[in-house]
Amino acid sequence: TEDMYLILAEAYAHKTDGIKTAVGYLNTLREVKFRAQDFETTGRLDPEDFNQQTLLETIWTERRREFCFEEQRWFDLTGSSTLQKDDPRYVLQIPQKELNVNPEIGANPR
């Protein structure tokens with residue numbers, strides 16, 4: 001449900017006359033995240049506070065908060081990058097906990 005509210009909010013934010021509707025969807029999403037008295041004082045968003053760009057940035061920030069531990073962020077990232085052959089970024093770092101137990105293995109290069 002949260003994803004649909006964010007998708008609708010972003011779609012309306014891209015329209016020239018959709019800011020009020022987009023903020024309405026954000027408020028619907030945010031309302032359940034706050035206590036009732038806190039939502040009215042600090043949680044409710046006002047359409048007059050946004051232009052198209054600031055609203056889109058707010059939606060993207062809200063999306064990061066909503067899906068921070070759900071592996072959704074991978075799909076939200078845009079752009080591409082290429083790792084060259086034998087690039088050390090292909091190898092994950094060995095956790096410090098493991099290095100503390102066995103310092104002989106050494107850290108992977110970066």
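Above this text sits the structure in question.
Reading guide: rules and limits
Residues numbered from 1 in each chain as written. Predicted model: local features only at pLDDT ≥ 70, side-chain atom pairs only at ≥ 80, totals over all residues. Heavy atoms only, no water. Helix = DSSP H or I, 4+ residues; strand = E, 2+ residues; numbered from the N terminus. Rg over C-alpha atoms; globule rule 2.2 N^0.38 Å. Buried < 20%, exposed > 50% of the residue type's maximum accessible area, 1.4 Å probe, protein only. Areas by Shrake-Rupley, 256 points an atom, 1.4 Å probe, with all protein chains shown as cover. Axes fitted to C-alpha atoms, helices over the stretch in contact; angles between N-to-C directions. Left-handed = near helix turned anticlockwise from the far one by under 90°. Contact = heavy atoms within 4.5 Å. Nonpolar A, V, L, I, M, F, W, Y, C, P; charged D, E, K, R; others polar. Parallel < 35°, antiparallel > 145°, perpendicular 65-115°, else oblique. Salt bridge = Lys/Arg side-chain N within 4 Å of Asp/Glu carboxyl O.

## Some remarks on the overall build of the protein chain
Assigned secondary structure in the protein chain consists of 6 helices and 0 strands. Helices and strands appear in the protein chain in the N-to-C order α-α-α-α-α-α. Computed over C-alpha atoms, the radius of gyration of the protein chain comes to 21 Å, more than 25% over the 13 Å expected from 2.2 N^0.38 for 110 residues, which places it beyond the range of a compact globule. Seen through its principal axes, the protein chain has C-alpha atoms that stretch 60 × 35 × 25 Å. Looking at the protein chain as a whole, 22% of its 110 residues are labelled buried. Surface accessibility of the protein chain: about 8,600 Å² in total, with carbon and sulfur atoms responsible for 52%.

## Concerning the packing of helix α2 (residues 19-31) against helix α3 (residues 36-43)
Put simply, α2 and α3 touch, their axes get as near as 11 Å, and they point 145 degrees apart. In the crossing of α2 with α3, the sense of the turn from one axis to the other is right-handed. In this structure, α2 uses N27, R30 and E31 to contact α3, whose residues at the interface are F39, T42 and G43. Looking at side-chain class alone, the contact of α2 with α3 contains 1 nonpolar, 3 polar and 2 charged residues.

## Regarding the packing of helix α1 (residues 2-13) against α2
One can describe the packing of α1 onto α2 by two numbers: an axis separation of 7 Å at closest approach and a directional angle of 165 degrees. In terms of orientation, α1 and α2 fall into the roughly antiparallel class. Handedness of the crossing formed by α1 with α2: left-handed. Counting all contacts with α1, which are made through E2, Y5, L6, L8, A9, Y12 and A13, the residues of α2 involved are I19, T21, A22, Y25, L26, T28 and L29. Counted by class, the contact of α1 with α2 contains 11 nonpolar, 2 polar and 1 charged residues.

## Topic: the pattern of salt bridges
Overall, the coordinates contain 7 salt bridges when judged by the stated rule. Between R63 and D3 there is a salt bridge; the shortest N-O distance is 2.9 Å. Here R63 is found in helix α4 (residues 52-66), whereas its partner D3 is found in helix α1, with 60 residues between them in sequence. Residue class for R63 comes out buried when judged on its relative accessible area of 11%. With its nearest N and O atoms 2.9 Å apart, the salt bridge here joins R65 to E62. Separated by 3 residues within a single helix, R65 and E62 lie in helix α4, roughly one turn from each other. Each of E2, K33 and E66 takes part in one network of salt bridges that share partners.

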